[in-house]
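Overview (structure and organization)
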Amino acid sequence: MTAGQMGGLRPSFAMALAIGTLGGALFTLIGMPLSWMLGAMTATGLASILHLPVKGWARARPPMSAVIGVMLGSQFGPHTLETAADWWPALVALAAYLLVSAVLCTVYLRRMIRMDGPTAFFSAMPGGLIDMVLLGAERGGDERTIALMHSSRIFLVVLGLPPLMTLVTGADPGARVAAWRPLAEMGLLDVAFFLGAIALGTGLGRLLRMPAPFLIGPMLVSMALHWTGATGFTVPSGVIAVAQIVLGTTVGCRFAGTSSRRILHILLTSAGSTVILLGVALLFALGLQYLIDVPVEGILLAFAPGGLAEMSLVALALNLEVSFVVVSHISRIGMVILGAGLVSRRKAP
């Protein structure tokens, strides 16, 4: 029986992590923003295209999601409740953004790419990968194409956001990186709260059958601990870097086992829909900056059609309006799942 069968670290994923770590180190060395995530994602994505023996590992994401959830929860202090009430214009605009961008992307995929209706519709939805694949398969869509389209979208959004922010707003993402927090700053009591939030939150998330239970459950427990003042721990930068490496590696490995020609076709197709999604997000962000007290970069990140975990880590790494970004992306996922489910039941697109 192999180590992988016994539940140990799979050799293909171990190689992917090694390649991802090297990519992150290289991007850090040359001063790239969001270096550990972008470096890991780019390196493992190239390894997948070159057909190196790399592969994602499903068991790696849940514990890392729990760590990310606790990190996110630690960003919600007592002040968040005071400012959250002022975010309602953004949440209303978010619903409008999802409607406009989904219609435009569906038309693009159907008219220009000639995808069938269900595949185009669920590939266009800027929602959770797993949810859209399951709903799309139920409606007769090509689940492999839907999965690759969403993986490509996340890949391209994470890769393209930093330069887009610089191009449009003049902001330097590299200059916004949060100060380094050494591991030594976390005391034993902080470690106990950190691990306790992971354990309790994971159990709570699974018991209540929350969406993304490994992320949202620990986030809620950590949020409660910080809101009540029971603890004020901050997660060390080294732990955040590890989370970026693992997450970037899993995103890059989503292309493993796919032919280079298919990957290129999906990336080019997804690039068109990603341009639409980011373009519409940018227009909404430019308008909303006059209605809410959040800088345009933070609004753009909140509306950017990446994954919840990925966009939250970008917000953490770039020190950009973390609580606002998290609330917006959780709302986005809920809106997309509800809206896509209702539309697909009423009429095939």
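Please refer to the structure placed before this passage.
Presented here is a report on the structure given in the accompanying data block. (Residues numbered from 1 in each chain as written. Predicted model: local features only at pLDDT ≥ 70, side-chain atom pairs only at ≥ 80, totals over all residues. Heavy atoms only, no water.)

Some words on the pattern of salt bridges
A complete count under the given rule lists one salt bridge for this structure. Here R61 makes a salt bridge to E310, at a shortest N to O gap of 3.4 Å. Within this pair, whereas R61 is found in helix 3 (residues 61-73), its partner E310 is found in helix 14 (residues 308-318), the two being separated by 249 residues in sequence. R61 gets classed as partly exposed once you look at its relative accessible area, which sits at 26%. (Salt bridge = Lys/Arg side-chain N within 4 Å of Asp/Glu carboxyl O. Helix = DSSP H or I, 4+ residues; strand = E, 2+ residues; numbered from the N terminus. Buried < 20%, exposed > 50% of the residue type's maximum accessible area, 1.4 Å probe, protein only.)

Considerations on the packing of aromatic side chains
Taken as a whole and judged by the stated rule, the model has eight aromatic pairs. Each ring, one from Y97 and one from F284, has its centre 5.9 Å from the other, and the planes form 75 degrees; the classification is edge-to-face. Taken together, the positions of Y97 in helix 5 (residues 88-112) and F284 in helix 12 (residues 260-288) put the pair 187 residues apart, joining distant regions of the chain. Both rings, one in F194 and one in F233, keep their centres 6.0 Å apart while their planes meet at 85 degrees; by these two values the pair is edge-to-face. Remark: F233 occurs in the loop between helix 10 (213-228) and helix 11 (237-252) and F194 occurs in helix 9 (residues 188-207); sequence separation between them is 39 residues. The exposure class of F194 is buried, given its relative accessible area of 10%. (Phe/Tyr/Trp six-rings, centres within 6.5 Å; stacked < 30°, edge-to-face > 60°.)

Some remarks on the nonpolar core
Formed by 106 residues in total, the largest nonpolar core has its most connected members in I68, M71, L161, L301, F303 and L313. Dropping the residues within four chain positions of it, L161 is found in contact with L278, L300, L301, A304 and M311. (Core = buried A, V, L, I, M, F, W, Y, C linked by side-chain atoms within 4.5 Å. Contact = heavy atoms within 4.5 Å.)

A word on the environment of L159
In this fold, L159 is placed in helix 8 (residues 143-169). Among the residues examined, L159 registers a relative accessible area of 34% and is labelled partly exposed. Distance from L159 to L34, taken between C-alpha atoms, is 9.3 Å for residues 125 residues apart in sequence. Dropping the residues within four chain positions of it, L159 is found in contact with L38, M41 and T42.

Some points on the packing of helix 2 (residues 35-49) against helix 11
Interaxial distance between helix 2 and helix 11 falls to 7 Å at its minimum, and their mutual angle equals 25 degrees. In this view, helix 2 runs roughly parallel relative to helix 11, as classed from their interaxial angle. Helix 11 is crossed by helix 2, and the crossing has right-handed handedness. Within the contact between the two elements, helix 2 uses W36, M37, A40, M41, T44, G45 and S48 and helix 11 uses A241, Q244, I245, L247, G248, T249, V251 and G252. Partitioning the contact of helix 2 with helix 11 into residue classes produces eight nonpolar, seven polar and no charged. (Axes fitted to C-alpha atoms, helices over the stretch in contact; angles between N-to-C directions. Parallel < 35°, antiparallel > 145°, perpendicular 65-115°, else oblique. Left-handed = near helix turned anticlockwise from the far one by under 90°. Nonpolar A, V, L, I, M, F, W, Y, C, P; charged D, E, K, R; others polar.)

With respect to the side chain of S74
Relative to the assigned elements, S74 resides in the loop between helix 3 and helix 4 (78-84). What makes S74 buried here is its relative accessible area of 14%. Here M71 takes part through its backbone oxygen, which lies 2.5 Å from a polar atom of the side chain of S74. If near-sequence neighbours (up to four positions away) are discounted, S74 is found in contact with S222, H226 and F233. (Polar contact = N/O pair within 3.5 Å; in protein donor to acceptor, adjacent residues only side chain to side chain.)

Comments concerning the packing of helix 6 (residues 117-124) against helix 8
Following both chains from N to C, one finds helix 6 and helix 8 inclined at 25 degrees, their axes separated by 9 Å at the closest point. Relative to helix 8, the element helix 6 lies roughly parallel. The crossing of helix 6 and helix 8 is right-handed. Residue-level contacts link T119, F122 and S123 of helix 6 to T145, I146, M149 and H150 of helix 8. When its residues are assigned to classes, the contact of helix 6 with helix 8 shows three nonpolar, four polar and no charged.

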